[in-house]
Every structure is written in C-alpha cells, then in structure tokens.
Amino acid sequence: MLRHADPKVARIQGLPMFKNADVSACKHVASVADIVEVVAGEHLIVAGQLNHEAYVVESGTAVVLVNGEEVAEISEGEMIGELGLLDRGVATATVTTKTAMSLLVIPYNRFGQILNENPSLVLEMAKELAQRLRAMDARHY
C-alpha cells in the first residue's frame, strides 16, 4: 500500500490495526484523532469509571490490570478502550502505561461515526477483540 503524503495519515496507515483499511478510513481517523505522548505509569483507563476515549497504540506498551493482577499487555497497533465506547459501560480493567507511549486518541463522540462510515474497521476491531478473548480463555484452561 502506498503511504499517504499527509504524515499523520501515513502514520495511521503504518499501524497494524489499520493495515487493511482503505485510505479514506485512515484519513477519517486522522481527521478526528489527536496524537498524544504519555509517560510510563499513567492510567489511561480506570476500572469502574466511564471511558470517554479510545486509544490506538502507535508506540510503547501498556498493561491491563484486573483486580490488581496483570492480565494482558497492549502494544503497537492495538486498541484500548473500545469496549466502553461500543456499549458506553464502565471499564472492567485498569490500563496503565508500562513505558512512554505515543497514542492516537479518538473521542467517543466521533467513534461511532468513524465505524459507521468505515465498516472495514469494525471487522478489524472484531478480529482484535476475538484474539483477546482467545488469549484470555487460553490462560484459564
């Protein structure tokens, strides 16, 4: 796939989450997402609280904690916080940055619009969620 001339769109195209997305979907994400840098030790999501943003990891690593136990690690190209944006429920886990991170931040009030206008992203999210569920199942069986 050719990289877009806009550096932000090109950065999005380079992320595994968007490897199969068409250019218009990447442009749409770029138009609503902010790129933020965070230091290690920041809480991105706190269990029991409503989440107002989804994050796509551009670089760095975060850990997912349930009842204080680390259950997963999130790295480049993965999405964080999408469940709360899909169902508007409270977070079931705390997500904390393990390293400094660069994140694409997508606000909840634009998230649904992106998915409605770019159905291919819904499939990519579903695949990622299925992989996470399989990994959780594997830990318990």
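Quick note: structure is the one above.
Reading the values: rules and limits
Residues numbered from 1 in each chain as written. Predicted model: local features only at pLDDT ≥ 70, side-chain atom pairs only at ≥ 80, totals over all residues. Heavy atoms only, no water. Buried < 20%, exposed > 50% of the residue type's maximum accessible area, 1.4 Å probe, protein only. Helix = DSSP H or I, 4+ residues; strand = E, 2+ residues; numbered from the N terminus. Arc of directions from axis to C-beta. Pairing = 2+ DSSP bridges. Axes fitted to C-alpha atoms, helices over the stretch in contact; angles between N-to-C directions.

Undergrad: Now, about helix 4 (residues 108–117): what can you tell me, with residues and values included?
TA: Along helix 4, the residues that are buried comprise F111, I114 and L115. Seen from one end, helix 4 has its buried residues packed into an arc of 95°, which puts them on one side. Among the exposed residues of helix 4, those pointing more than 90 degrees away from its buried face are N109 and N116.

Undergrad: I'd love a proper account of the sheet that holds strand 4 (residues 62–66), names of residues and values included.
TA: If you walk across this open sheet you meet the 4 strands as 2-7-4-5, and the pairing is antiparallel. With partners counted over all chains shown, the strands left at the sheet margins are strand 2 (43–45) and strand 5 (69–74), one partner each. On average, adjacent strands in this sheet sit at an angle of 30° to one another, irrespective of strand direction. As judged from the 5 bridges shared by strand 4 and strand 5, these two strands associate in the antiparallel manner. The partner of L65 across the bridge, within strand 5, is E70.

Undergrad: Which residues make up unusual backbone geometry, and what values do they have?
TA: If a residue is not glycine, its phi is most likely negative; likewise, a peptide bond is most likely trans. Phi is positive for N67, close to 50°, though the residue is something other than glycine. Note that N67 resides in the loop between strand 4 and strand 5.

Undergrad: Pulling in residues and values, what's your account of the pairing of strand 8 (residues 101–107)?
TA: Summarising burial for strand 8: 6 of the 7 residues are buried, a large majority. Pairing of strand 1 (residues 34–38) with strand 8 involves 5 bridges; the strand directions are antiparallel. Paired with E37 across the strands is S102, a residue of strand 8. Pairing analysis gives 6 bridges linking strand 3 (residues 53–59) to strand 8, with the strands arranged antiparallel. For Y55, the partnering residue across the bridge sits in strand 8 and is V105.

In short, the description is geometric, and any link to function would need to be established separately.
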